[in-house]
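Reading the structure
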Amino acid sequence: MTDSDKVFSGSIARLYESHLVPLIFQPYADDLARRIATMGAKDVLEIAAGTGVVTRALAALPGGLAIVATDLNPAMLDEAARIGTARPVRWQAADAMALPFDDACFDVVACQFGAMFFPDKAKAFAEARRVLRPGGTFVFNVWDRIEDNEIADTVTAALARLFPDDP
């Protein structure tokens, strides 16, 4: 992955939020929030928060949940903050492979469709474990094989036909 592939700038964050969140990501965000709601967590760290779809679902939960939402791309967090949440959230740029938090300070670490993009997954997972309190939970979802994801498979096949010489 090149450095330019890692940066979502310009209108990308707003387009991601307006198109991909309702089309793909909202139901999965609601599912993660429902799962976290059953855990009795007080402090949640979200990594790879993007434009905050999971963050908003978590912020809508009843109770006094404290939420820190991080992403590698400040433009995505800016869009998330612009949209806002039902309760205060601490937005912070952070790399999942080098989390700027003390050991054992969160009950839950959550990540929606970001884990598969971590360049060093073992390091990112070790960081999630490091910041979790004893008995804490790392909750995340990832895509299955592309053949098992109808939308991604269809888009990939269409793009391959349009750009056969540019994988």
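To start, this report covers the structure provided alongside it. (Residues numbered from 1 in each chain as written. Predicted model: local features only at pLDDT ≥ 70, side-chain atom pairs only at ≥ 80, totals over all residues. Heavy atoms only, no water.)

Overview of the pattern of salt bridges
- In total, this model carries eight salt bridges according to the counting rule given.
- Taking the shortest distance from any N to any O, the salt bridge between Arg35 and Asp31 comes out at 2.7 Å. With Arg35 and Asp31 both in helix 2 (residues 12-37), this residue pair falls four residues apart, about one helical turn.
- In this structure Asp31 comes out as partly exposed when scored by relative accessible area, which is 25%.
- Its salt-bridge partner being Asp103, residue Arg130 comes within 2.7 Å of it at the nearest N-O pair. Pair noted here: Arg130 is in helix 5 (residues 121-131) and Asp103 is in the loop between strand 3 (90-93) and strand 4 (106-112), with a separation of 27 residues, a long-range link.
- Overall, the relative accessible area of 24% leaves Arg130 in the partly exposed class.
- Each of Asp43, Asp107 and Arg133 takes part in salt bridges that share partners, so that together they form one network. (Salt bridge = Lys/Arg side-chain N within 4 Å of Asp/Glu carboxyl O. Helix = DSSP H or I, 4+ residues; strand = E, 2+ residues; numbered from the N terminus. Buried < 20%, exposed > 50% of the residue type's maximum accessible area, 1.4 Å probe, protein only.)

Let's talk about the nonpolar core
- Core analysis: the biggest nonpolar cluster contains 23 residues, and Ile36, Val44, Val54, Leu58, Leu65, Ile67 and Val108 have the highest contact counts within it.
- Only helix 2, helix 3 (53-59), strand 2 (66-71) and strand 4 provide two or more residues apiece to this core.
- Here this core takes six residues from helix 2, the largest share from any one element.
- The contact partners of Val108, leaving out residues within four places of it in the chain, are Ile36, Met39, Ala41, Asp43, Val44, Leu45, Leu132, Thr137 and Val139.
- In this structure, Met97, Cys111, Ala115 and Leu132 belong to the second largest nonpolar core, which totals 16 residues. (Core = buried A, V, L, I, M, F, W, Y, C linked by side-chain atoms within 4.5 Å. Contact = heavy atoms within 4.5 Å.)

What to know about the side chain of Arg87
- Turning to its location among the elements, Arg87 is positioned in the loop between helix 4 (74-83) and strand 3.
- Of the buried charged residues, Arg87 lacks a salt bridge, with Asp43 as the closest side chain of opposite charge at 10 Å.
- One polar contact links the side chain of Arg87 to the main-chain carbonyl oxygen of Leu58, over a distance of 3.5 Å.
- In this structure the side chain of Arg87 is engaged in a polar contact, spanning 2.5 Å, whose partner is the backbone oxygen of Gly63.
- When neighbours within four sequence positions are excluded, Arg87 is seen to be in contact with Leu58, Ala59, Leu61, Pro62, Gly63, Leu65 and Ile67. (Lys, Arg positive; Asp, Glu negative; His and termini not counted. Polar contact = N/O pair within 3.5 Å; in protein donor to acceptor, adjacent residues only side chain to side chain.)

Digging into unusual backbone geometry
- The backbone of Ala48 shows a phi angle near 55 degrees, a positive value even though the residue is not glycine.
- As for its placement among the helices and strands, Ala48 is situated in the loop between strand 1 (43-46) and helix 3.
- Judged by its relative accessible area of 26%, Ala48 is partly exposed.
- Phi angles above zero are rare outside glycine, and Ala104 is one such case at about 50 degrees.
- Tracing the backbone shows Ala104 in the loop between strand 3 and strand 4.

What to know about helix 4
- What helix 4 keeps buried is the set Met76, Leu77, Glu79 and Ala80. Around the axis of helix 4, the buried residues are gathered within 155 degrees of arc, so they sit on the same side.
- Positive backbone phi, approximately 90 degrees, marks Gly84, located one or two places after helix 4. (Arc of directions from axis to C-beta.)

Comments concerning the packing of aromatic side chains
- Within the structure shown, the criterion is met by seven aromatic pairs.
- Ring centres of Phe113 and Trp143 lie 4.0 Å apart, and the angle between their planes is 10 degrees; on these two criteria the pair is classed as stacked. Residue Phe113 is found in the loop between strand 4 and helix 5, and its partner Trp143 is found in the loop between strand 5 (132-141) and helix 6 (150-162); the two are separated by 30 residues along the sequence.
- Residue classification places Phe113 among the buried residues on the basis of a relative accessible area of 8%.
- Overall, Trp143 belongs to the partly exposed group, its relative accessible area being 33%.
- Within the aromatic cluster, the residues linked to one another by ring pairs are Tyr28, Phe113 and Trp143. (Phe/Tyr/Trp six-rings, centres within 6.5 Å; stacked < 30°, edge-to-face > 60°.)

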